[in-house]
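# Descriptive structure summary
Here is how the chains run, residue by residue.
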Amino acid sequence: MKKILSDFIVSENIHLNDHYILLKLTTEAPLPDMLPGQFVEVRIDDTPEVMLRRPISINFVDKANNMLWLLVHLIGKGTFHLGTLREGDKLNLLFPLGNSFSLPECPSPDSKPLLLVGGGAGIAPMLLLGKLLADRGYRPTFLLGARNKEDLFELEQFASYGDVCLSTEDGSLGEKGFVTQHSVLDKKTFAWIYSCGPKPMMMAVARYAKSHGIECEVSLENKMACGLGACLCCVEDTKDGNQCVCKEGPVFNINQLKWQI
Amino acid sequence: MQRRSSIQYKSTEMADLSIKLGQLDMINPVMTASGTFGYGEEFADLVDLSRIGCIIVKGTTLNHREGNSYPRMAETSQGMLNAVGLQNKGVDYFIEHIYPRLKNIPATFCVNVAGSSIDDYSLTAQMIDDLENIPAIELNISCPNVKQGGMSFGVKPDCAAEVVAAVRKVYHKTLIVKLSPNVTDIAEIARAVEAEGADAVSLINTLMGMAVDAETRRPLLSTVTGGLSGPAVKPVALRMVWQVAKAVKVPVVGIGGIMNATDAVEFMLAGASAVEIGTANFVDPSVTMKVVDGIDEYLNRHGYKSAREIIGALEV
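Keep in mind that this is a model prediction, so the values were computed, not measured. (Residues numbered from 1 in each chain as written. Chains lettered and ligands numbered in written order. Predicted model: local features only at pLDDT ≥ 70, side-chain atom pairs only at ≥ 80, totals over all residues.)

## Examining the overall build of chain B
When its secondary structure is counted, chain B shows nine helices and 16 strands. A globule of 316 residues ought to have a C-alpha radius of gyration of about 20 Å, and chain B, at 19 Å, matches this closely. Here the C-alpha coordinates of chain B stretch approximately 55 × 50 × 40 Å along the principal axes. For chain B, restricting intrachain contacts to residue pairs at least 6 apart in sequence, the fraction spanning at least 24 positions comes to 73%. (Helix = DSSP H or I, 4+ residues; strand = E, 2+ residues; numbered from the N terminus. Rg over C-alpha atoms; globule rule 2.2 N^0.38 Å. Contact = placed C-beta atoms within 7 Å.)

This is the structure we're talking about:
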């Protein structure tokens with residue numbers, strides 16, 4: 001997939017709460033096809049303390065309006081800067097990067113449901129993945145978790161592509177507890193699990209998948225520099241040796257990883 | 001060298017950007033630093049590889065190396081630390097699987113050669129000597145991220161001389177030697193490798209550094225220490241290029257925090273015949289093209305006809 005380096009214009013910078021934003025970006029050239037789980041590397045300008053680009057997963061591609069959505073957790077100097085962007089500001093993106101979640105063929109009548117587990121900022125890539133699965137005729141189950149109801153977003157859109165189950169640590173929305181404690185895991189049998197979120201959550205999801213014999217893919221977020229597989233900084237220790245999360249990942253089948261699960 | 005008026009001699013014609021390092025002919029002085037540009041292919045969508053003076057590919061060792069554990073990188077003020085540890089699949093793999101692809105790309109490639117013994121270096125160099133489309137190697141005697149060897153060869157003049165002498169015996173093309181800044185007197189090392197037949201020296205490799213997370217009380221790199229690169233090291237690099245350029249007759253390649261054409265010109269004025277772009281490739285993957293164009297623009301604006309005219313043209 002051809003990599004592109006280009007300036008985008010901020011159409012909207014929606015402050016969802018004081019530590020999450022939804023950046024809607026547009027560009028002159030029509031957006032290429034992008035795969036679910038892929039990411040962009042955003043250049044952070046005008047901040048002397050931030051030099052490297054920041055990898056941000058693709059939340060959604062609004063083809064009708066030629067817009068790319070990034071759901072960003074404001075967590076450090078680089079992302080804080082993204083929080084200050086205003087409508088009309090320019091943002092330089094390197095994209096689309098990385099591999100993608102595996103998209104299954106169209107469903108057959110006896111296909112078991114697919115489970116998409118997103119935690120915290122890890123809910124971001126699940127929207128595009130859910131949309132593409134819905135386009136293929138699936139009705140996936142989304143299991144989305146956060147600390148509290150303020151950190152769960154885009155729920156109406158998720159609901160338009162599948163069934164939505166929610167977990168919050170404080171019980172302010174959905175079931176109280178972690179995603180892996182949600183009752184949907186006891187009620188349904190899934191064919192495939194896709195997951196993105198904090199590593200402890202993904203490891204718990206991977207443990208569930210492994211013990212139930214379910215295929216499972218997780219999206220990692222190791223610290224990276226180039227985003228192109230050149231600098232070898234972001235490696236994950238896999239059964240095939242050190243692999244670049246930016247190029248061979250960010251999505252890995254849990255069977256490839258050396259996680260102690 | 002007399003400075004010329006920028007107005008009187010302003011020209012829109014391309015200046016002559018070509019540079020020669022030993023027997024290596026480059027169309028311009030812009031090279032890519034080893035480990036920051038992969039094998040060039042990774043950047044092929046974003047850069048016209050044929051417009052780069054020379055692409056120095058990832059450090060290659062005799063045997064496969066897995067490198068250090070994650071985390072290998074930490075961003076610091078105006079720079080970054082890395083501790084990749086020369087991850088590569090070894091010279092046999094390079095020759096069998098990577099070189100056949102590179103030789104079909106219209107670009108100039110040089111291989112960075114690293115090792116942990118003199119035999120490692122000379123065997124690897126000898127194997128690369130046979131590759132028709134690789135006109136040069138850069139001998140890495142300065143990697144700070146490998147426990148055995150690497151930098152240990154580059155911090156003492158006699159060790160540096162010994163490894164260069166051994167490689168010179170078996171390697172017949174252009175031999176560039178990459179020097180470590182983690183020494184008391186870099187000019188002394190440069191003179192030692194020049195005496196053993198180095199065709200050029202490149203400097204600086206990364207400066208040893210360290211970063212700490214106060215909240216977790218842990219180092220940010222798995223190896224605790226790593227190599228610092230980026231704009232933070234540029235003044236140190238510029239000073240060392242200046243010192244080495246005065247100490248040796250062979251061409252000097254300037255490396256260290258070059259982010260744009262102005263930085264590159266500064267290194268050339270300080271005595272560098274060419275420059276390597278490293279960390280900047282991570283910030284702007286197309287930066288090499290901008291540096292080539294920017295050097296040309298600088299030369300035209302100042303009335304120079306050739307890039308060679310500004311080498312060491314610093315007025316002090």
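Having seen it, we continue.
## Side note on the overall build of chain A
Of the regular secondary structure elements, chain A holds five helices and 16 strands. On C-alpha atoms alone, chain A measures out to a radius of gyration of 18 Å, which is about the 18 Å that the 2.2 N^0.38 rule sets for 261 residues. With the C-alpha coordinates aligned to their principal axes, the bounding extent of chain A is approximately 50 × 40 × 35 Å. Counting every position in chain A, which comprises 261 residues, the buried fraction comes to 51%. (Buried ≥ 20, exposed ≤ 12 C-beta atoms within 10 Å, placed from the backbone.)

## Let's talk about the sheet that holds strand β16 (residues 251-253) of chain A
All names here are of chain A. If you walk across this open sheet you meet the seven strands as β11-β10-β9-β8-β12-β13-β16, and the pairing is mixed. Looking at the sheet topology across the chains shown, the edges are occupied by β11 (175-176) and β16. Pairing of strand β10 (residues 163-168) with β11, which is carried by two bridges, proceeds in the parallel orientation. The partner of S167 across the bridge, within β11, is E175. Relative to strand β8 (residues 114-119), helix α2 (residues 124-135) is tilted by about 165°, and along the sheet it contacts β8, β9 (141-146), β12 (192-196) and β13 (215-219). (Pairing = 2+ DSSP bridges. Axes fitted to C-alpha atoms, helices over the stretch in contact; angles between N-to-C directions.)

## Some thoughts on the sheet that holds strand β9 (residues 174-178) of chain B
Residue and element names in this part refer to chain B. Spatial strand order, β3-β4-β7-β8-β9-β10-β15-β16: eight strands in a closed barrel with parallel pairing. Between one strand and the next, the sheet's axes are offset by a mean angle of 25°, whatever the strand orientation. With four bridges connecting them, strand β7 (residues 109-113) and strand β8 (residues 136-140) associate as parallel partners. Looking across to β8, one finds that N112 is bridged to E138.

## Considerations on the domain arrangement of chain A
All names here are of chain A. Structurally, chain A comprises domain 1 (4-97), domain 2 (102-219) and domain 3 (221-261). Computed from C-alpha atoms alone, the centre-to-centre distance between domain 2 and domain 3 is 22 Å. Contacts between the two partners involve nine residues from domain 2, matched on the other side by seven residues from domain 3. Those elements that place two or more of their residues in the side of domain 2 that touches domain 3 are α5 (199-211) and β13. With five residues, the single largest contributor to the side of domain 2 that touches domain 3 is α5. Classifying every residue of the side of domain 2 that touches domain 3 gives five nonpolar, one polar and three charged. (Domains from an automatic or database assignment. Nonpolar A, V, L, I, M, F, W, Y, C, P; charged D, E, K, R; others polar.)

## Examining the nonpolar core
By size, the foremost hydrophobic cluster in this structure holds 195 residues, and its most contacted members are B:I137, B:V201, B:V241, B:A272 and B:V275. The contact partners of B:V275, leaving out residues within four places of it in the chain, are B:P29, B:V30, B:M31, B:V253, B:G254, B:I255, B:I258, B:A264, B:F267 and B:M268. (Core = buried A, V, L, I, M, F, W, Y, C linked by C-beta atoms within 7 Å.)

## A short note on helix α7 (residues 261-269) of chain B
Those residues of α7(B) not exposed but buried are B:A261, B:D263, B:A264, B:V265, B:F267 and B:M268. Directly beyond the C-terminal end of α7(B), a positive phi value near 125° is found at B:G271.

## Notes on the packing of α7(B) against helix α9 (residues 287-301) of chain B
Residue and element names in this part refer to chain B. Remark: α7 packs on α9, axes separated minimally by 8 Å, with the N-to-C direction vectors making an angle of 60°. Our pair here, α7 against α9, has a crossing hand that is right-handed. Contacts from A261, A264 and V265 of α7 reach α9 at K290, V291, G294, I295 and Y298. Classifying every residue of the contact of α7 with α9 by side-chain character gives six nonpolar, one polar and one charged. (Left-handed = near helix turned anticlockwise from the far one by under 90°.)

## Some thoughts on unusual backbone geometry
For the bond from B:Y70 to B:P71, the omega torsion is -5°, close enough to zero to count as cis. Positionally, B:P71 belongs in the loop between β4 (54-60) and β5 (73-76). Here B:L203 and B:I204 are connected by a cis peptide whose omega angle stands at 10°. Secondary-structure assignment places B:I204 in the loop between β10 (200-203) and β11 (207-210). With a phi angle near 50°, A:N66 is a residue other than glycine that sits in the positive phi range. The topology assignment puts A:N66 in the loop between β5 (60-62) and β6 (67-73).

## With respect to helix α2 (residues 118-129) of chain B
Residues and elements named next belong to chain B. Under the 1.5 Å per step criterion, the end-to-end length of α2 is 16 Å for 12 residues, consistent within 8% with the ideal 16 Å. Considered for burial, the residues of α2 that qualify are Y121, S122, T124, A125 and I128. The buried side chains of α2 occupy one side of the element, clustering within an arc of 165° when seen end-on. Considering only its buried residues, α2 is in contact with β4, α1 (91-102), β7, β8 and α4 (157-170). (Expected span 1.5 Å × (residues − 1). Arc of directions from axis to C-beta.)

## Details of the interface of chain B and chain A
Opposite the 28 residues of chain B that make contact, chain A presents 25 residues. Of all the elements in the fold, those that place two or more residues in the side of chain B that touches chain A are β5, β6 (79-82) and α8 (280-283) of chain B. Taken together, the residues that form the side of chain B that touches chain A break down as 11 nonpolar, 12 polar and five charged.

## Some words on the pairing of β13(A)
Residues and elements named next belong to chain A. Within β13, four of the five residues are buried, which leaves it mostly tucked inside the rest of the structure. Pairing analysis gives five bridges linking β12 to β13, with the strands arranged parallel. From the neighbouring strand, W192 faces β13, where its bridge partner is E215. Crossover connection from β12 via α5 to parallel β13: handedness right-handed. In this structure, β13 lies alongside β16, joined through three bridges in antiparallel fashion. Each bridged residue has a counterpart across the sheet, and for S219 the counterpart in β16 is V251. (Right-handed = clockwise from strand over helix to strand, strands pointing away.)

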